[in-house]
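# Per-entry structural report
If you want the building blocks of each chain, they are given just below.
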Amino acid sequence: MSETETKKESEKETPKISNQEFWSKLWSLLSESRKLIFIILSFTVLAAVLDLVKPYIVKVVVDHLTNFNKEDLGFMAILIGFFFISDQARSWVSYLNNVKILKLSVDVEYYLAIRAQKKLMFLPLGYHEQENTGNKIVKIERGVNRIITLIENISWEVVPTFIQIIISLIVLFWSDYRLGLPLLILAPLFLYLTHRTNKQMSPRRKEMYKKYEEASGKMTQSIININAVQSFVQEEQELNNFDKVKKDIQKNEHFQWSKIMRSGLMRNGIVDFGNAAVLMIGIYLVYQNEITVGTLIFAFTMSVNSYSALFRLSRFYDRMEEGKEGVRRLMELFSAKSDLVVKKNAIKPCDVIGQIEFKEVTFNYGGSKKSALNKVSFKIEAGKMTALIGPSGGGKTTIARLIYRHYDPLGGQVLLDGHDLRDYDLYGFRRFLAIVPQEVEVFDVSVRENIAYAKPDATQAEIEAAAKTANAHEFINKLDKGYDTLVGERGIKLSGGQRQRLGIARALLANPKVLIFDEATSNLDSQSEALIKDAMAKIAKNRTTIVIAHRLSTIKKADKIIVLEEGEVVEEGSHLELAHIKGGLYSKLLKLQELGEIKE
Ligand SMILES: Nc1ncnc2c1ncn2[C@@H]1O[C@H](COP(=O)(O)OP(=O)(O)OP(=O)(O)O)[C@@H](O)[C@H]1O
Ligand SMILES: [Mg+2]
């Protein structure tokens, strides 16, 4: 399958979110803050009503001024009092509202970030392999950011202005229906124009968000692999690749905003026309003595306010639509489903014996047609040492991953103590396994914390004992700060062999029932390897040990050796049995290595 076809396959897996679903999904995302949202909405309505009071008082004052009486002075004083009180009430309401809105955005930032991290932690390896780190980070950061902007915009601007426009319309009609007509006709036209511009831009926005993620992905990749970049003098090349994506984004953004600005000009035209129309109609009505000057001023103020509100509303709509794409991408991450289904009444074992069986297991990675494992069957006895060997790409690491149930087989079964792995609670059985992977993953914390990763409450004595067995204690003591030395990102400050020994100590401390070594000694010198080999024999006593190794000397003592080639089991037996199969793969490999050793 070509790369693009595989890509399409993976895109199909993330559910797309339609426009209608968007709002209901957003509502359910914010379920923890619903009460707060209702409070904010009530404050907003109250503020909009209070906004009406001032222009109305001005109208009454002007009406009285045009026909001024001394007796009115007291009444005027009361009106001014009201003016002051309504102003104060307005500022208190907006203060309380702002406090609530800010609480809402701080809360949302907290729980969405937690939820995103939780989602990522529990999504299976298969999901993580489809997308690189930078993409995921930008998806979450931008998504959470955009949701917060969306909330702030909606609470501060969209809802208040919307209410303001509705109230203005009602009041204008109440003053005189002819004063309300321009707004009634122009507002929908205005909104339609805004909506159309945004709809036209939607595909470009989707494209842009994809590019944002791509750019972050590229940047992360070149930083993570900086050693390779600099060693192969590819700094310029990396920069060019990044520049290309960033230029696309730049072009796209320029295009979008200039289109929005142009549409803004048109929208402005509508606003100016509406204001002129109200003024004209108003003056005509005063001239006809149908309304008072106060009403004209009131109507004109309301109209100017609501047109500017309309304009603001449309600008926020632009920004909201822009942000929606980011939110949508985050929602897609939230709704990504794990392909690993855990049954409701799954087994949560208190202990395991450690017997593993592969029955006719077939497995393909990520929709690729080539099988990584093809009808593989074998048994791994409990408490014994089993070795997996064979040429590179044969499927050894894949077997280790299937034992962990990082993936489910396409066909056949993987059994632990006679039960299909799919019958177990995922975290229930993984507790009893430990692996020293081909590439030991080291966190940027101290050596001690790295070793105690699976058992954070381990005592110093336990940690040291594990390190001694892993032949790591000596080198750790020689480090600057011993067990407290920080090892850098991905253990960059350690040598390959040191990282491996740290990985072995970590796995030992976890004290598992099934222990898997995937090329755990490949980076060690002969002396260290010999020491670890002895340790392995000791460790293997009370547990099932699976050793994957290229160097056959490491696995001579294994109770059983399984030889894999191109995803199939080709030979199976003890060292002696396999060594005697004439023309067998194992004996061939053995001969080659013996020759190598003589040469050495
Ligand atoms: N994450 C992955 N996505 C797609 N294909 C993969 C993935 N991991 C491994 N493969 C492919 O699956 C096949 C088996 O790989 P596997 O890692 O199991 O081999 P291996 O026997 O461990 O090899 P080595 O001795 O080099 O470690 C290979 O052809 C490899 O290209
Ligand atoms: Mg491997």
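What you see is a predicted model, and the numbers here were worked out from it, not measured in a lab.

It is worth spelling out helix α16 (residues 496–509) at this point. Compared with an ideal rise of 1.5 Å per residue, which puts 14 residues at 20 Å, α16 spans 20 Å between its outermost C-alpha atoms and is within 8% of the ideal. Extensive coverage of α16 is indicated by the burial of 12 of its 14 residues. Among all positions of α16, only Gln498, Arg499, Gln500, Arg501, Leu502, Gly503, Ile504, Ala505, Arg506, Ala507, Leu508 and Leu509 are buried. In the core, the buried residues of α16 are packed alongside β6 (433–436), α13 (447–451), α14 (460–469), α15 (473–478), β7 (514–518) and α17 (526–539). Taken from the residues just after α16, Asn511 is the one with a positive phi, measuring 50°.

Each turn of an α-helix holds 3.6 residues, which means side chains three or four residues apart point in the same direction. Helix length check: helix α4 (residues 72–122), at 51 residues, gives a terminal C-alpha distance of 73 Å against a target of 75 Å (1.5 Å per residue), a fit within 8%. Residues of α4 that are buried include every one of Val93, Asn97, Ile101, Leu104, Val108, Leu112 and Ala116, and no others. Lining the buried residues of α4 we find α3 (34–65), α6 (133–175) and α10 (293–334).

With respect to the secondary-structure elements, Asn477 resides in helix α15. For Asn477, a count of 11 C-beta atoms within 10 Å puts it in the exposed group.

Right, let's get into the site of ligand 1. The environment of ligand 1 is made up of Glu129, Tyr365, Gly366, Ala372, Ser392, Gly393, Gly394, Gly395, Lys396, Thr397, Thr398 and Gln438. Each residue belonging to the shell around ligand 1 can be placed in one class, and the counts come to two nonpolar, eight polar and two charged.

The next thing to look at is the nonpolar core. Formed by 72 residues in total, the largest nonpolar core has its most connected members in Ala387, Ile451, Ala505, Val547 and Ile561. There are two domains that each give this core at least three residues, and those are domain 2 (345–432 + 512–600) and domain 3 (439–511).

Before going further, it helps to spend a moment on the environment of His550. For His550, the location among the structural elements is in the loop between β8 (544–548) and β9 (560–565). For His550, a count of 16 C-beta atoms within 10 Å puts it in the partly exposed group. In this structure the C-alpha to C-alpha distance between His550 and Leu589, which are 39 residues apart in sequence, comes to 9.4 Å. Among residues more than four places away in sequence, those in contact with His550 are Glu519 and Ser522.

Spatially, the four strands line up as an open sheet ordered β2-β1-β4-β5, and their pairing is antiparallel. This sheet does not close on itself; its edge strands, each paired only once, are β2 (373–380) and β5 (419–420). Pairing between strand β1 (residues 356–363) and β2: five bridges, direction antiparallel. In the strand pairing of β2, Glu357 is matched with Lys379. Contacts from helix α11 (residues 396–403) reach β1, β2 and β4 (411–416) within the one sheet, and its direction differs from that of β1 by about 115°.

Further remarks concern the sheet that holds β7. Strands pair in a sheet through their backbones, by hydrogen bonds, and they do so in one of two ways: parallel or antiparallel. Read across the sheet, six strands follow the order β6-β7-β8-β3-β9-β10 without closing on themselves; strand pairing throughout is mixed. Looking at the sheet topology across the chains shown, the edges are occupied by β6 and β10 (568–573). The average angle at which neighbouring strand axes cross in this sheet is 15°, direction not considered. The pairing of β9 with β10 spans five bridges and is classified as antiparallel. Residue Leu564 lies in a different strand from β10, and its bridge partner there is Val569. Sheet contacts for α11: β3 (385–389), β6, β7, β8 and β9; angle to β7, the most-contacted strand, approximately 155°.

In this section: unusual backbone geometry. Even without being glycine, Asn511 reaches a positive phi, approximately 50°. With respect to the helices and strands, the residue Asn511 is situated in the loop between α16 and β7. Assessed through the 17 C-beta atoms surrounding it within 10 Å, Asn511 is described here as partly exposed. Backbone geometry places Glu566, a non-glycine residue, at a positive phi of 45°. Along the chain, Glu566 turns up in the loop between β9 and β10. Classification of Glu566 as partly exposed rests on a count of 15 C-beta atoms within 10 Å.

Pairing between β1 and β4: five bridges, direction antiparallel. Bridge pairing links Thr362 to Gly411 in β4.

What follows covers the environment of Pro437. Mapped onto the elements of the fold, Pro437 is located in the loop between β6 and α13. Of the residues examined, Pro437 has 18 C-beta atoms within 10 Å and is grouped as partly exposed. In this structure the C-alpha to C-alpha distance between Pro437 and Ile548, which are 111 residues apart in sequence, comes to 9.8 Å. Those residues in contact with Pro437, other than ones at most four positions away along the chain, are Gly503 and Asp518.

Let us look at the domain arrangement of the chain. Segmenting the chain into domains produces domain 1 (16–334), domain 2 (345–432 + 512–600) and domain 3 (439–511). In this structure, domain 1 and domain 3 have C-alpha centres spaced 52 Å apart.

Moving on, we get to the confidence of the model for the chain. On average, residues of the chain score 87 in pLDDT, and 96% of them are at 70 or above. Mean pLDDT in the chain bottoms out at helix α1 (residues 3–13), which sits at 40, and peaks at β1, which reaches 96. Across residues 1–14 the pLDDT falls below 50, and counting only partners more than four positions away or on other chains, this stretch makes 12 contacts in the model.

Closest axis-to-axis distance for the α3/α6 pair is 9 Å, and the angle between their directions is 45°. With respect to each other, α3 and α6 are oriented oblique. For the crossing formed where α3 meets α6, the hand is right-handed. Taking contact as the criterion, the partners of Ile40, Leu41, Thr44, Val45, Ala47, Ala48, Asp51 and Leu52 in α3 are, on α6, Ser155, Val159, Pro160, Ile163, Gln164, Ile167 and Val171. Among the residues forming the contact of α3 with α6, the class breakdown is 11 nonpolar, three polar and one charged.

The rules we used
Residues numbered from 1 in each chain as written. Chains lettered and ligands numbered in written order. Predicted model: local features only at pLDDT ≥ 70, side-chain atom pairs only at ≥ 80, totals over all residues. Helix = DSSP H or I, 4+ residues; strand = E, 2+ residues; numbered from the N terminus. Expected span 1.5 Å × (residues − 1). Buried ≥ 20, exposed ≤ 12 C-beta atoms within 10 Å, placed from the backbone. Contact = placed C-beta atoms within 7 Å. Near = placed C-beta within 6 Å. Nonpolar A, V, L, I, M, F, W, Y, C, P; charged D, E, K, R; others polar. Core = buried A, V, L, I, M, F, W, Y, C linked by C-beta atoms within 7 Å. Domains from an automatic or database assignment. Pairing = 2+ DSSP bridges. Axes fitted to C-alpha atoms, helices over the stretch in contact; angles between N-to-C directions. pLDDT = per-residue confidence, 0-100. Parallel < 35°, antiparallel > 145°, perpendicular 65-115°, else oblique. Left-handed = near helix turned anticlockwise from the far one by under 90°.

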